[in-house]
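# Inside the fold
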Amino acid sequence: MPEGDAVHRAAARLRGALDGRVLTRSDFRVPKHATADLSGRAVVTTLSRGKHLLTRVEGDLTVHTHLRMDGSWQIQPAGRRTAPGDLVRLVLANEQWQAVGVRLGMVDLVRTADEARLVGHLGPDLLGPDWDPDEAVRRLRAAPDRTIGEALLDQRNLAGIGTIYRAETLFLRGIWPWKRVGEIEDLRGLVSLAQRLLEANKGHAGTVTTGDRRPANQTWVYGRAGRPCRRCGTRISRGEMGAQPQERLILWCADCQPR
Ligand SMILES: [Zn+2]
């Protein structure tokens, strides 16, 4: 599932292909906006906010997309046929390039002035220019009885963490995922570590938290259920937590992250 760093990269690729160029074609394959036509308008820019993408278009319009579980944006030379079987939800094309949104979990078109309705609830963006660890900590502390595992995925506290960074950050800090927020002394250290992990991965595909980019060695606990902990040899545990419908998987080392 794409997390904040992957969305950040998607925004950069969209900027490279679309910024400042006039759209020659738009194709919204979602019922709500099936008749929308942005051709003739220049794209201003694309921003990422947590896991949301905002593509601003001339005339006070913003295309809002979210990758959700397995969405992606593919940049191709204009006019190329899309691969059969790809579930295309949106195409934005100019004379040179076409950006093809495949399996996007959300496609919306709003007034740019109304962007806050879509992303105004988000906490500080771990990869945003306005990243503010103190504000993230303040938001986390507001609900001290929540489990830290749930609180870190709640994008209203801080925006950009998904199940991979949650598991890896908690492991590196030795924190049991079900520990209450109010019981954690160094929340600032925790969110700052999460930010550094995303920052370190924003420039390349994949998530490396161990410093070792070989495919089998990239993470401490994520994707390693039942395998020995890299620190202590205990088998990595796998479970689910929280009420959110999608992002519930948690992995941890019962020895390095004791109750
Ligand atoms: Zn361990």
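Everything that follows concerns the structure shown earlier in this document.
I will try to describe carefully the structure that is included in this document. Keep in mind that this is a model prediction, so the values were computed, not measured. (Residues numbered from 1 in each chain as written. Predicted model: local features only at pLDDT ≥ 70, side-chain atom pairs only at ≥ 80, totals over all residues. Heavy atoms only, no water.)

### Focus on the coordination of the zinc ion
- Listed as protein donors to the zinc ion are C229 (SG), C232 (SG), C253 (SG) and C256 (SG); their distances from the metal cover 2.2 to 2.4 Å.
- Each of the four donor atoms bound to the zinc ion contributes to angles spanning 99 to 115 degrees, and the resulting shape is tetrahedral.
- On the primary sequence, the residues serving as donors to the zinc ion are separated as C-x2-C-x20-C-x2-C. Here C232, found in the loop between α6 (187-201) and β9 (237-240), pairs with C253, found in the segment after β10 (249-252); they are 21 residues apart in sequence, far enough to count as distant.
- On the accessibility criterion, C253 (0% relative accessible area) is buried. (Donors = N, O, S within 2.8 Å, 3.2 Å for Na, K, Ca; no water. Tetrahedral: all angles 85-135°; square planar, octahedral: opposite > 155°, others 65-115°. Helix = DSSP H or I, 4+ residues; strand = E, 2+ residues; numbered from the N terminus. Buried < 20%, exposed > 50% of the residue type's maximum accessible area, 1.4 Å probe, protein only.)

### Topic: helix α1 (residues 4-18)
- Here α1 contains 15 residues, and its C-alpha end-to-end distance of 21 Å stays within 8% of the 21 Å for a straight helix at 1.5 Å per residue.
- Every buried residue belonging to α1 is among G4, D5, V7, H8, R9, A10, A11, L14, A17 and L18, and all of these are buried.
- Within two residues after α1, G20 carries a phi angle of roughly 75 degrees, on the positive side. (Expected span 1.5 Å × (residues − 1).)

### Structural notes on the pairing of strand β7 (residues 97-102)
- Burial analysis of β7 places five of its six residues in the buried class, the great majority of the element.
- As paired strands, strand β5 (residues 72-77) and β7 are joined by six bridges and run antiparallel to one another. Across the sheet, residue Q74 finds its bridge partner in β7, namely V100.
- Sheet analysis places strand β6 (residues 88-93) next to β7, joined by five bridges and oriented antiparallel. What sits directly across from V88, in β7, is V102.
- Turn length for the β6-β7 hairpin, with the two strands adjacent in sequence and antiparallel, is three residues. (Pairing = 2+ DSSP bridges.)

### Observations regarding the packing of aromatic side chains
- All told, the structure shown has three aromatic pairs when counted by the stated rule.
- Look at F171 and W220: their rings are 5.5 Å apart centre to centre, the planes differ by 20 degrees, and that puts the pair in the stacked class. Here F171 is found in helix α5 (residues 163-172), whereas its partner W220 is found in the loop between α6 and β9, with 49 residues between them in sequence.
- The buried category is assigned to F171, whose relative accessible area is 0%.
- Considering the side-chain rings of W178 and W252, the 5.0 Å spacing of their centres and the 75 degrees angle between planes classify their relative orientation as edge-to-face. (Phe/Tyr/Trp six-rings, centres within 6.5 Å; stacked < 30°, edge-to-face > 60°.)

### Some points on the packing of helix α3 (residues 133-141) against α6
- Contact geometry for α3 and α6: axes closest at 9 Å, N-to-C directions at 120 degrees. Here α3 lies oblique to α6, going by the angle between them. As for how α3 packs across α6, the hand of that crossing is right-handed. Of the residues in α6, those in contact with P133, D134, V137, L140 and R141 of α3 are L187, R188, V191 and S192.
- Looking at the contact of α3 with α6 residue by residue, the classes come out as five nonpolar, one polar and three charged. (Axes fitted to C-alpha atoms, helices over the stretch in contact; angles between N-to-C directions. Parallel < 35°, antiparallel > 145°, perpendicular 65-115°, else oblique. Left-handed = near helix turned anticlockwise from the far one by under 90°. Contact = heavy atoms within 4.5 Å. Nonpolar A, V, L, I, M, F, W, Y, C, P; charged D, E, K, R; others polar.)

### Here's the deal with α6
- Taking 1.5 Å as the rise per residue, α6 with 15 residues should run 21 Å; its terminal C-alpha atoms sit 22 Å apart, in good agreement.
- Counting buried positions along α6 gives 11 out of 15 residues, so the element sits mostly inside the fold.
- The complete set of buried residues in α6 reads L187, G189, L190, V191, S192, L193, A194, Q195, L197, L198 and N201.
- Buried residues in α6 make contact with α1, α3, α4 (148-153) and α5.

### Observations regarding the sheet that holds strand β2 (residues 43-49)
- Spatially, the four strands line up as an open sheet ordered β2-β3-β4-β8, and their pairing is antiparallel. Each edge of the open sheet carries a strand with a single partner, namely β2 and β8 (106-111). Going across the sheet, the axis of each strand differs from the next one's by a mean of 20 degrees, ignoring polarity.
- Bridge count between β2 and strand β3 (residues 52-57): six bridges; the pairing is antiparallel. Note on β3: the bridge partner recorded for S48 is L53.
- Here α1 sits on the sheet in contact with β2 and β3, set at roughly 175 degrees to β2.

### Let's talk about the sheet that holds β7
- The strand order across the open sheet built from four strands is β1-β6-β7-β5, with neighbouring strands paired in antiparallel fashion. Because the sheet does not close on itself, it has two edges, and the strands there are β1 (25-28) and β5. Each adjacent strand pair in this sheet contributes to an overall mean axis angle of 20 degrees, direction not counted.
- Seen against the sheet, α1 touches β5, β6 and β7 and runs at an angle of roughly 30 degrees to β5.

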